[in-house]
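Fold and geometry: a report
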Amino acid sequence: MNGFVKKCSGILSAWLAVMALCMTSLAAQEGLCPEQRNARTGALDEVAWNRLSGIYEDISEEKYASAHEDLQKMLERAKHDRYLQAIIYQALGYVDSSQENPESALDFYEKAIATDALPDPAHYAAMFQVAQLHFRQKNYGAALEWLDVWFCSAPPENAAATAHALRAFILFEQRNYAGALADIDAAIGLQNEPDETWYQLKLAALYELKQYPELASTLEDMVVKWPREKTYWIRLSQAYDLLGNSDKSLAVQALAYRSGLLDQQADIIHLSNLYSRAGIPLKAAKVIQGGIENGMVESSRNHWVMLAEAWYAADELEQALAAFAAAGKKASDGRVDLRRAYVLLELERWQAALDSLNIALEKGGLNEHGMGQAALLRGITQFNLGNLDAAHTDWARAERYEPTRKAARQWRKFLQDVRRRQAS
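Presented here is a report on the structure given in the accompanying data block. (Residues numbered from 1 in each chain as written. Predicted model: local features only at pLDDT ≥ 70, side-chain atom pairs only at ≥ 80, totals over all residues. Heavy atoms only, no water.)

Details of the overall build of the protein chain
Definition in use: Helical segments are the DSSP runs of H or I of at least four residues, strand segments are the runs of E of at least two, and each set is numbered from the N terminus. Only protein chains enter the calculation, and the probe is 1.4 Å; a residue is then buried if its accessible area is under 20% of its type maximum, exposed if over 50%, and partly exposed in between. Note on definitions: a residue-residue contact is assigned when non-hydrogen atoms from the two residues lie within 4.5 Å.
The number of helices and strands found in the protein chain is 22 helices and 0 strands. By the burial criterion, 47% of the 424 residues in the protein chain qualify as buried. The long-range fraction of contacts in the protein chain, counting pairs at least 24 apart against all pairs at least 6 apart in sequence, stands at 56%.

Notes on the pattern of salt bridges
Put simply, the test is: Each reported salt bridge corresponds to a side-chain nitrogen of Lys or Arg within 4 Å of a carboxyl oxygen of Asp or Glu.
Here the structure, examined in full by the defined rule, presents 21 salt bridges. The partner of Glu69 in a salt bridge is Lys73, and the shortest N-O contact between them spans 3.5 Å. A residue pair is termed a helical-turn pair when its members lie 3 or 4 positions apart in one helix, as Glu69 and Lys73 do in helix 3 (residues 64-76) at 4 residues. Given the relative accessible area of 38%, Lys73 is considered partly exposed. The partner of Glu402 in a salt bridge is Arg405, and the shortest N-O contact between them spans 2.6 Å. Of the residues examined, Arg405 reaches a relative accessible area of 25% and is grouped as partly exposed.

Some remarks on the packing of helix 6 (residues 120-136) against helix 8 (residues 161-173)
A pair of packed helices is captured by two measures, namely the crossing angle of their axes and the spacing between those axes. Rule in force here: Between N-to-C directions, angles span 0 to 180 degrees; the directions come from axes that are lines fitted to C-alpha atoms, helices contributing only their stretch in contact. For classification purposes, angles smaller than 35 degrees are called roughly parallel, those larger than 145 roughly antiparallel, those between 65 and 115 roughly perpendicular, and all remaining angles oblique. If you view the pair so one helix is near and one far, a crossing is left-handed when the near helix is turned anticlockwise from the far one by less than a right angle, and right-handed when it is turned clockwise. Each residue gets one of three labels, nonpolar for Ala, Val, Leu, Ile, Met, Phe, Trp, Tyr, Cys and Pro, charged for Asp, Glu, Lys and Arg, and polar for the others, Gly among them.
Following both chains from N to C, one finds helix 6 and helix 8 inclined at 30°, their axes separated by 11 Å at the closest point. In this view, helix 6 runs roughly parallel relative to helix 8, as classed from their interaxial angle. The handedness of the crossing between helix 6 and helix 8 is left-handed. Taken together, the residues of helix 8 that come into contact with helix 6 (itself represented by Phe128, Ala131, Gln132 and Phe135) are Thr162, Ala163, Leu166, Phe169, Ile170 and Glu173. Grouping the constituent residues of the contact of helix 6 with helix 8 by class yields 7 nonpolar, 2 polar and 1 charged.

Let's talk about helix 10 (residues 196-208)
Stated formally: In this analysis, the expected span of each helix is defined as 1.5 Å times one less than the number of residues it contains.
Over its 13 residues, helix 10 extends 19 Å from the first C-alpha to the last, a length consistent with the 18 Å expected when each residue adds 1.5 Å. Along helix 10, the residues classified as buried are Trp198, Tyr199, Leu201, Lys202, Leu203, Ala205 and Leu206. Directly beyond the C-terminal end of helix 10, a positive phi value near 60° is found at Lys210.

Here we look at the packing of helix 18 (residues 335-346) against helix 20 (residues 368-384)
Where helix 18 contacts helix 20, the two axes come as close as 11 Å, and the packing angle between them is 30°. Between helix 18 and helix 20, the angle falls in the class roughly parallel. Note that helix 18 runs across helix 20; the crossing there is left-handed. The residues of helix 20 that touch helix 18, namely those facing Leu338, Tyr342 and Leu345, are Gly370, Gln373, Ala374, Leu377, Ile380 and Thr381. For the contact of helix 18 with helix 20, the class distribution of residues is 6 nonpolar, 3 polar and no charged.

What to know about helix 12 (residues 230-242)
Since the α-helix turns once every 3.6 residues, residues separated by three or four places project in the same direction. Taking 1.5 Å per residue, 13 residues should reach 18 Å; helix 12 reaches 19 Å between its end C-alpha atoms and fits that length. Here helix 12 has its buried residues at Lys230, Tyr232, Trp233, Ile234, Leu236, Ser237, Ala239 and Tyr240. Gly244 lies just past helix 12 and shows a positive phi near 80°.

Examining the nonpolar core
We apply this condition: Here, nonpolar core refers to any group of buried Ala, Val, Leu, Ile, Met, Phe, Trp, Tyr and Cys residues whose side-chain atoms link them within 4.5 Å.
Core analysis: the largest hydrophobic core is formed by 107 residues, its most contacted members being Leu147, Trp150, Ile184, Leu219 and Leu307. Broken down by element, the residue count for this core peaks at 8 residues, all from helix 8. Leaving out residues up to four positions away in the same chain, Leu147 has contacts with Phe128, Ala131, Ala163, Leu166, Arg167 and Ile170. Ranked by size, the runner-up nonpolar core spans 27 residues in total, among them Ile55, Ile59, Ile87 and Ala91.

A short note on the packing of aromatic side chains
As a reminder of what qualifies: Stacked, edge-to-face and tilted labels apply to pairs of Phe, Tyr and Trp rings (six-membered ring for Trp) whose centres lie within 6.5 Å, assigned for plane angles under 30 degrees, over 60, and everything in between, in that order. Here, over-ring charges are defined by two tests on the NZ atom of lysine or the CZ atom of arginine: distance to the ring centre within 6 Å, and angle to the ring normal within 35 degrees.
For the structure shown, the criterion picks out 14 aromatic pairs. Members of the aromatic cluster, each reached through a chain of ring pairs, are Phe383, Trp395, Trp411 and Phe414. A cation over a ring is seen here: Arg167 above Phe151, with NZ or CZ 4.1 Å from the ring centre. The ring of Tyr312 carries Arg339 above its face, with NZ or CZ at 4.8 Å from the centroid.

Set out below in structure tokens:
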């Protein structure tokens with residue numbers, strides 16, 4: 001019987017150890033760490049072991065209600081066995097935690113710890129669970145206290161990456177960004193496959209600390225680890241922007257675009273703007289043109305104007321005219337039609353320019369400068385079409401507006417000289 005009980009006790013200890021994390025011991029913090037434990041492993045009789053085995057099976061099958069009820073019944077009969085009480089308390093804590101009852105789970109885990117009867121792995125696992133539960137309830141001070149005690153009390157078996165990560169999250173919530181960064185770096189360094197959320201926390205800490213070179217370096221690692229995550233590419237582009245490296249910012253955004261990751265209107269507009277800022281208007285135009293054609297970018301007045309200006313900057317005037325025409329159809333005022341007339345005048349398409357100016361004036365909505373410019377330009381188109389009287393009338397109208405008064409007078413004087421020459 002003793003051999004059987006000893007064997008069962010060993011198996012039970014192994015089950016409890018599953019809940020424990022791989023642990024490492026840090027330098028003990030002065031006044032924080034308790035004295036070294038000297039708890040002996042308890043023993044269970046055959047009846048208790050069999051009942052617990054059935055309960056653990058229910059827990060593994062997520063039959064939490066029946067497991068909780070059976071554990072409570074066992075607890076009532078375990079008044080004189082601290083070791084069995086500790087095991088039951090810890091199991092109840094696990095059940096309640098799994099059922100999202102953190103307050104009740106905390107109470108059970110703390111009772112398990114208070115018995116001081118569990119073997120070290122299970123004892124320290126319960127302490128860690130308490131720290132985690134306090135964190136989940138946003139009791140950050142209590143969570144940190146428990147975790148710090150765990151750090152300096154747990155035996156130095158293996159590296160505790162998860163514990164460093166938990167402390168990093170706690171410190172971040174307490175706005176101790178430097179401490180959070182140190183712990184999350186430790187966690188990442190100890191884990192072969194660090195959790196993605198750990199890197200996300202590191203980014204947040206670096207951003208708060210304004211450590212932009214390190215931020216960019218971390219994002220470089222992240223786009224390698226998670227190459228299909230668009231957010232990291234965009235943030236890497238923004239990080240380079242913060243560092244004043246516009247070339248790298250554009251290169252990263254362009255690579256994300258070619259990889260098919262930019263799937264939102266804001267992404268396309270931003271990339272087009274980056275190309276424009278870099279003095280590459282042809283690519284700026286092609287990006288936004290493609291976005292409008294595939295429906296990713298709204299076919300709105302503003303987007304057509306943006307496209308037209310990019311084509312114009314790329315010296316693709318026919319494309320610019322087409323885009324201005326599309327923008328004009330979306331516009332309720334005449335500003336776009338006036339802008340289109342400028343391009344037509346540049347191409348010396350006088351009749352088309354006159355038609356565009358007439359539409360601009362008919363729609364209205366122009367400010368004083370716009371009204372003066374429309375009249376001045378219409379006078380020029382009329383002059384080139386041979387309509388000298390109409391040109392005179394338009395330039396006289398342009399003189400009414402301060403922004404175009406001087407130019408309009410010069411054109412009228414020029415017209416007078418032409419007529420004198422014609423008369424002589």
